[in-house]
Amino acid sequence: MSNVKENRWYSKDHEWVEKAGGYVVRIGISDFAQHQLGDIVFVELPEAGADVAAEESIGTIESVKTVSDLFSPVSGKVTKINDALESEPELVNSEPYDGGWMIEVEVEGDLDEQLQSLLTAEQYEQFLNE
């Protein structure tokens, strides 16, 4: 059974969003996603300052099994990337909700409106069980 954290919103592409303060959110992939991928060996992320759009590709994540696209659950501007993943991509496996976060985005427009288009933790658990 995958670990699903409360106080986060989830996309059907298995990314999570956590409020980081103001209009900034932190984004990563869910425990379910990192289990499906297997051992993560490389993460390619956008540069700080890049514009991202909801449901569009923002980079790739490479595991020993496959390469998968990462999608942004929200629209806005990247304010920070997790530099630790450059030398320690395995943090995504060991700490998908903490040290393995990927980017922070300053949301464009209404934050709550963008979050409403995502799944709550409870809805995401139901989605995983379907």
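Quick caveat: nothing in here was measured; it's all calculated off a predicted structure.

The rules behind the values
- Residues numbered from 1 in each chain as written.
- Predicted model: local features only at pLDDT ≥ 70, side-chain atom pairs only at ≥ 80, totals over all residues.
- Heavy atoms only, no water.
- Pairing = 2+ DSSP bridges.
- Helix = DSSP H or I, 4+ residues; strand = E, 2+ residues; numbered from the N terminus.
- Buried < 20%, exposed > 50% of the residue type's maximum accessible area, 1.4 Å probe, protein only.
- Axes fitted to C-alpha atoms, helices over the stretch in contact; angles between N-to-C directions.
- Arc of directions from axis to C-beta.
- Contact = heavy atoms within 4.5 Å.

A. How the structure looks around the sheet that holds strand β5 (residues 51-52). Strand order in the open sheet made by the six strands is β1-β2-β3-β9-β8-β5, with antiparallel pairing throughout. Both outer strands of the open sheet, β1 (9-10) and β5, are each paired with one neighbouring strand and no more. Pairing of β5 with strand β8 (residues 76-81), which is carried by two bridges, proceeds in the antiparallel orientation. Along β8, the bridge assignment pairs Val52 with Gly76.

B. Quick look at the pairing of strand β3 (residues 24-29). Among the six residues of β3, five are classified as buried, and the element is accordingly described as predominantly covered. Alignment of strand β2 (residues 15-21) against β3, held across six bridges, turns out to be antiparallel. When the bridges of β3 are listed, Gly21 appears paired with Val24. Following β2, the chain reverses through two residues before pairing antiparallel with β3; Gly22 in that reversal takes a positive phi of roughly 60°. Two strands pair when backbone bridges link them, and β3 and strand β9 (residues 103-107) are joined in this way by four bridges, in the antiparallel orientation. Following the sheet pairing, Ile27 is matched in β9 by Ile103.

C. Inspection of the sheet that holds strand β4 (residues 40-44) at higher detail. Strand order across the open sheet formed by three strands is β4-β6-β7, with antiparallel pairing between neighbours. The open sheet has two edge strands with one neighbour each: β4 and β7 (67-71). The average angle at which neighbouring strand axes cross in this sheet is 25°, direction not considered. For β4 and strand β6 (residues 57-63), the ladder comprises four bridges, and the chain directions are antiparallel. Its bridge partner being in β6, Phe42 is matched across the sheet by Glu62.

D. A look at helix α5 (residues 121-129). Within α5, burial applies to Ala121, Tyr124 and Leu128. Down the axis, α5 shows its buried residues gathered within 60° of arc, on one side only. With respect to the buried face of α5, the exposed residues turned more than 90 degrees away are Glu122 and Asn129. As for α5, its buried residues are in contact with β1 and α1 (31-37).

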